[in-house]
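Listed below, chain by chain, are the residues.
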Amino acid sequence: MIVTVVSDCSADWDPAYFDLAREFAAQAQLTASPAELSHVLDDCTQALGFQYFALIDHVDLSRGAAGMIHLDTYPAVWSERFIRSRLFLDDPVLQASLRTHMGFAWDDLDDLIPVSHCHRLIFEMARKGGIGNGFTVPANIPGEIHGSCSFATRTGCRFPDRALGAAHLVGAFAYQAARRLRRPTQSRSTDLPKLTSRQRECVVLAGRGKSDSVIGQLLGLKKDTVTKYLVAARDRYEVATRMQIVTAALYYGEISFLEIQG
């Protein structure tokens, strides 16, 4: 979730947005309840130029969501209709988020899924309910319920294109923080796995968008050796992709934003 966005969008980033993402990451680690996380995320959402957020597990909310992640600031009328009518069963954003680990703007959905007439009707209903364009960060973790963090504008409001890189980071950290709150018995201190020095070097360079072959050239290693280091790093944090290991390493302080930015 971090690698491609940082690599592709850094030229268009306002440094202030990067600072917002960094500040949110620090605050999210300290939240002690879903309500506190929701408050911090709402403040960051507004600062990024969006009006709404939805941080959710992809479950049938009409049947209850005990223990599941469900925080949102969407207009109540739309949220109630979305759940009551079970629109999530045909939700194009949900369907697209299951096909990628990368954040995507809702205007680009047709790059991920065939957009049907039913999908267009749902978007039209959302617009009438007060929701305009949006940006979604998927959270697809093997062995767990899929989820996502979405940011949306109010109908008629400007879409903050220059904030998407930061929104990508914020969405990933928000879901990571929500997972911690959902599983409070999971330690976040000395019991956390640590990366070896070589694994750490590879993760930092992966966070800068470098391929395994380029990382190998920079560190004087074979491409296959770099791949093994990154696979071992993912295994230590029990994540599936290079994007997720970068997110996890950043979140738990194994690497820093300054290293990724540099």
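Procedures and definitions
Residues numbered from 1 in each chain as written. Predicted model: local features only at pLDDT ≥ 70, side-chain atom pairs only at ≥ 80, totals over all residues. Heavy atoms only, no water. Helix = DSSP H or I, 4+ residues; strand = E, 2+ residues; numbered from the N terminus. Buried < 20%, exposed > 50% of the residue type's maximum accessible area, 1.4 Å probe, protein only. Contact = heavy atoms within 4.5 Å. Phe/Tyr/Trp six-rings, centres within 6.5 Å; stacked < 30°, edge-to-face > 60°. Pairing = 2+ DSSP bridges. Salt bridge = Lys/Arg side-chain N within 4 Å of Asp/Glu carboxyl O.

1. Let's talk about the overall build of the protein chain
Consideration 1: When helices and strands are counted, the protein chain shows twelve helices and five strands.
Consideration 2: When each of the 262 residues of the protein chain is scored for burial, the buried share is 50%.
Consideration 3: Taking contacts inside the protein chain between residues at least 6 apart in sequence as the whole, the part at least 24 apart equals 68%.

2. Observations concerning the packing of aromatic side chains
Consideration 1: Across all of its chains, the model carries five aromatic pairs by this definition.
Consideration 2: Measuring from ring centre to ring centre gives 5.6 Å for phenylalanine 50 and phenylalanine 151, while their planes differ by 35 degrees; the resulting arrangement is tilted. Of this pair, phenylalanine 50 sits in the loop between helix 3 (34–48) and strand 1 (52–57) while phenylalanine 151 sits in strand 5 (residues 147–154), and the two are 101 residues apart along the sequence.
Consideration 3: Centroid distance tryptophan 78 to phenylalanine 82: 5.6 Å. Interplanar angle 50 degrees. Geometry classified as tilted. Here tryptophan 78 and its partner phenylalanine 82 are both found in helix 4 (residues 76–84), four residues apart, which amounts to about one turn of the helix.

3. Some details on the environment of arginine 127
Consideration 1: Secondary-structure assignment places arginine 127 in helix 6 (residues 117–128).
Consideration 2: Note: C-alpha distance between arginine 127 and tryptophan 78 (49 residues apart in sequence) is 9.5 Å.

4. A closer look at the pairing of strand 1
Consideration 1: Strand 1 sits mainly inside the fold: six of its six residues count as buried.
Consideration 2: Of the two faces of strand 1, the one holding Tyr52, Ala54 and Ile56 and the one holding Phe53, Leu55 and Asp57 are both buried throughout.
Consideration 3: Note that strand 1 and strand 5 share six bridges and pair antiparallel. Across the sheet, residue alanine 54 finds its bridge partner in strand 5, namely serine 150.
Consideration 4: Where strand 1 and strand 2 (residues 70–72) come together, three bridges link them in antiparallel fashion.

5. Observations concerning unusual backbone geometry
Consideration 1: Although it is not a glycine, glutamate 238 sits at a positive phi angle of roughly 55 degrees.
Consideration 2: Relative to the helices and strands, glutamate 238 is located in the loop between helix 10 (223–237) and helix 11 (242–251).
Consideration 3: Here glutamate 238 falls in the exposed class, since its relative accessible area comes to 66%.

6. Concerning the pattern of salt bridges
It is possible for side chains of opposite charge to pair when their charged atoms get near one another.
Consideration 1: Tallied over the entire structure, the rule returns five salt bridges.
Consideration 2: Among the salt bridges present, the one from arginine 127 reaches glutamate 124, with a minimum N-O distance of 3.1 Å. In this pair, arginine 127 and glutamate 124 are both assigned in helix 6, three residues apart and thus about one turn of the helix distant.
Consideration 3: When its relative accessible area of 39% is taken as the criterion, arginine 127 is described as partly exposed.

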